[in-house]
Amino acid sequence: MSNGWRFALALLACAAPARLAMATLGGAVRRAVGGRLTQLGVAAVVWCGGAVVLAAIQRGPLSTSLPDALLLIMAILSSLLLLHLARAPLAAWRLDLPRDMQGAIARLAPGSLSFADGIAALGDRAFYLKAFARWGPVFSMSQFGSPTMCVLGLDRRQAIMRAHGPSLGPAPLPFSRSVLRGFLRYMDDATHNHYGPLVRRAMIAETPVHVQRQLQDVLQRHLHAAVHAAAQQPRQGAAAATLIEPMVREALDLLLFGFEAGTVADRESDEHPAERFRRDAHAFYHIRTSKRLGVVEEQMLAQLVSQLDAQEQRLSAAGREQDFPLGRLRGLDDAQPDDTSLQNFVFMHRIATNNVSGLVSWLLVHWAQHPDIVARIRSASTGEQHLLLQRFLSETLRVSQSEYTYRAVAHTFVHDGIVYPKGWLVRFCVWESHRDPAAFDDPTSFRLRLDTDVYAKSRFAPFGTGRHACNGADLNELLCVTLLFALSQHFDVSAEQVEPLQRAGRHWGHWQPNTRARFRLQARLDVNARAAS
């Protein structure tokens, strides 16, 4: 092979990986995401280096053609990667309106379908706001090669869903293929019509007072443990992974499934049902939702399903089936709980553990950063305090946590002169919509908003809307408000190293405080003791 051909193949072998490396190793993306995305960028650099070395090897009279063959293979693989990265521009180029729309005045939404620009969105929390300011309330982009329409405004979202709901379907994550009949929010309409109402009715029933007291005990036990740990190491606060995740997981074990902590001896026994489920769930929850389960992972899922089935029978035998969502299913349908609902409960618990842990992190950050608001809450009457804690939670959801909902276009349609092509994703940008000055005064500020309708559904939708909205909103509020009440009565919080903010290496990951963030809790002096002094 001539040197010219080797040079051409080396360029082709480096084209896509070099672009990938520049996109993933940029400062903002690396700081915000890191992890596997950075490893991917480093691998791309190594790949390019290997291609250059192979092209530079001088052939002697006795040399083999192996380097040339390897270089050719690398060029072919790079070309395939280039085609994958160019899926979004190619989809736009091949766009054809259906015959019944040929006369419609429609255009593709403006924007950039560059793969690199899509990667940049991972490292810039204001990316979508900047894009809306540049392109208008609907723009197009590429998300790892998938062409995506981004939509601003909850009113616009509602109008699209009302007019074109049948043309929009769920945008399932790969793990859903491992769930019998699919994960609830990704089920087909016929299956969802059966399971959706059952699960929703089981989830929204009121939690009994005695279970709420148990929840208070769980949260305060973890918070007091954090106070003790801070006293032992005053210069080192608790990381979210050690303080928040175990607390949230145990709280959800109780609220969803009725797993009670029991005595200290019970909590130290691996054979106690609650501890066995907690141990096995913790191992299973390291599995990513961005891939289908493997054989071993399916066995782990089956083991958790078996434990939930046994727990449901214990609740029924004790006459406590109406206390928890897991137990209520049988009262709604004699055939429940079946494998579909139990597998869904496992993944609901897994996803909620992650999302609620992130929300609790934000609650602690805002509690530490707004002492004036905390003082207002603590000085309020008992009746007003509950309202203020609910508004503190809502404001945290609005400012920090709620970010998006996704749908997939099943049939091409046109709305407001813009075509939504079949096969594209639609990202309804909730966080950006919550920052609309027309909906909220001073929308970028965190403050207690006390107007009666300030968090009306038309302007505030942290859990989505419609039949696929989150079923756990009520339990989420119960857990978080109970936590905030405990903080208001018993604990002071400080937070350090919260920024730079970080997220998982995907466009549907939530922004969260930095993994190096530390929370330090101190027990408050008893109010009566202070008054006596």
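Computed from a prediction, not measured in an experiment: that's the story for all the values here. Per chain, residues are indexed from 1 in the order of the written sequence. This being a predicted model, a pLDDT of at least 70 is required before a residue's local features are given, and a value of 80 or more before pairs of side-chain atoms are given or counted; all residues contribute to the totals for chains, interfaces and linings. Where side-chain values are given, they derive from all heavy atoms of the structure, hydrogens and water being excluded.

Side note on helix H11 (residues 240-257)
Count 3.6 residues to each turn of an α-helix, and residues three or four apart come out pointing the same way. Rules: Numbering goes from the N terminus for both helices and strands, where a helix is a DSSP run of H or I of at least four residues and a strand is a run of E of at least two. Residue count minus one, scaled by 1.5 Å, sets the expected span of a helix. Accessible area is worked out with a 1.4 Å probe on protein chains only. A residue is then buried under 20% of its type maximum, exposed over 50%, and partly exposed in between.
A rise of 1.5 Å per residue sets the reference length of H11, with its 18 residues, at 26 Å; its end C-alpha atoms lie 24 Å apart and thus fit the reference within 8%. Summarising burial for H11: 13 of the 18 residues are buried, a large majority. Directly after H11, the chain includes Gly258, whose backbone phi takes a positive value near 75°.

Observations concerning the side chain of His222
Note the cut-off: In what follows, residue pairs with any heavy atoms lying within 4.5 Å of each other are defined as contacts.
Structurally, His222 can be placed in helix H10 (residues 209-232). Setting aside chain neighbours within four positions, we find His222 in contact with Leu243, Pro246, Met247 and Glu250.

Notes on the packing of aromatic side chains
For clarity, the cut-off: Two rings from Phe, Tyr or Trp (for Trp, the six-membered ring) form a pair when their centres are within 6.5 Å of each other. A pair whose planes differ by under 30 degrees is stacked, one over 60 is edge-to-face, and the rest are tilted. Remark: a charge is flagged as sitting over a ring if the NZ atom of Lys or the CZ atom of Arg is within 6 Å of the ring centre and within 35 degrees of the ring normal.
Evaluated as defined, the whole model comprises 20 aromatic pairs. Here a set of aromatic residues connected by ring pairs shows up, and it is made of Phe175, Phe183, Tyr186, Phe284, Tyr285 and Phe347. Sitting above the plane of the Phe428 ring, Arg157 keeps its charged end 5.1 Å from the centroid. Across the ring face of Phe440, the terminal group of Arg398 is positioned such that the distance to the ring centre comes to 4.8 Å.

Structural notes on the pairing of strand S6 (residues 404-409)
As a reminder of what qualifies: When DSSP finds at least two bridges between two strands, those strands are taken to pair.
Buried residues dominate S6, accounting for 6 of its 6 residues. Bridge count between strand S4 (residues 168-169) and S6: 2 bridges; the pairing is antiparallel. For Gly169, the partnering residue across the bridge sits in S6 and is Ala408. Pairing analysis gives 5 bridges linking S6 to strand S9 (residues 425-429), with the strands arranged antiparallel. Within S9, the residue paired with Arg407 across the bridge is Val426.

A short note on a nonpolar patch on the surface
We apply this condition: Note that patches include only residues with greater than 30% relative accessible area and no salt bridge, and the join distances are 9 Å for like charges and 5 Å for nonpolar side chains (Val, Leu, Ile, Met, Phe, Trp, Tyr). In these tables, accessible area is a Shrake-Rupley quantity obtained with a 1.4 Å probe, and a residue counts as shielded only by the protein chains included in the view. Within this document, salt bridges are pairs made up of a side-chain nitrogen of Lys or Arg and a carboxyl oxygen of Asp or Glu, the two lying within 4 Å of each other.
A surface patch of nonpolar side chains, amounting to about 810 Å² of accessible area, comprises Leu66, Leu70, Leu72, Ile73, Ile76, Leu77, Leu80, Leu83 and Leu90. Per-element accounting of the nonpolar patch gives the leading share, 8 residues, to helix H4 (residues 66-85).

Thoughts on the pattern of salt bridges
The tally for this structure, following the rule as stated, stands at 17 salt bridges. A salt bridge links Arg279 to Asp280; its shortest N-O distance comes to 3.1 Å. By relative accessible area, Arg279 is classed as partly exposed at 37%. One salt-bridge network, in which partners are shared between bridges, spans Asp253, Glu275 and Arg278.

Digging into the sheet that holds strand S8 (residues 418-420)
Filter applied, for reference: Axes, fitted as lines to C-alpha atoms, cover a helix only where it is in contact. Angles between the N-to-C directions of the axes lie from 0 to 180 degrees.
Taken in spatial order, the 3 strands make up an open sheet running S1-S8-S7, and their pairing is mixed. With partners counted over all chains shown, the strands left at the sheet margins are strand S1 (107-108) and strand S7 (413-415), one partner each. Strand contacts of helix H8 (residues 154-164): S7 and S8, with the helix running at about 140° to S7, the strand carrying the most contacts.

Section: empty space enclosed by the protein
Our working definition: The rule is simple: put a 1 Å grid over the protein atoms alone, call a set of points where a 1.4 Å probe fits but cannot get out a cavity, call an open set with protein on both sides within 12 Å along at least five of seven lines a pocket, and count a residue as lining if it has an atom within 4 Å of a point. Grid points are joined across faces, edges and corners, and a volume is the space filled by probe spheres set on the points. Residues are grouped as follows: Ala, Val, Leu, Ile, Met, Phe, Trp, Tyr, Cys and Pro are nonpolar; Asp, Glu, Lys and Arg are charged; every other residue, Gly included, is polar.
For the structure shown, the criterion picks out 1 cavity of 30 Å³ or more. Within this model, the largest cavity holds a volume of roughly 60 Å³. If you go around the largest cavity, the residues you meet are Ala121, Asp124, Arg125, Tyr128, Glu403, Arg427, Trp431, Glu432, Arg503 and Trp511. Taken together, the residues that form the lining of the largest cavity break down as 4 nonpolar, no polar and 6 charged.

A closer look at the layout of surface pockets
In this model, the second largest pocket occupies a volume close to 690 Å³. Together, 27 residues line the second largest pocket, and Lys457, Pro462, Phe463, Ala473 and Asp474 are the ones closest to its centre. Listed by contribution, the elements that provide at least two residues to the lining of the second largest pocket are helix H9 (189-204), helix H18 (382-401) and helix H20 (473-490). No other element matches H18, which puts 6 residues into the lining of the second largest pocket.

Here we look at the pairing of strand S11 (residues 518-523)
The side chains of a regular strand alternate, first on one face of the sheet and then on the other. Bridge analysis of strand S5 (residues 238-239) against S11 gives 2 bridges, and the strand direction is antiparallel. Along S11, the bridge assignment pairs Ala238 with Phe519. The pairing of strand S10 (residues 491-496) with S11 spans 6 bridges and is classified as antiparallel. Residue pairing in the sheet places Ser494 in a bridge with Arg520 of S11.

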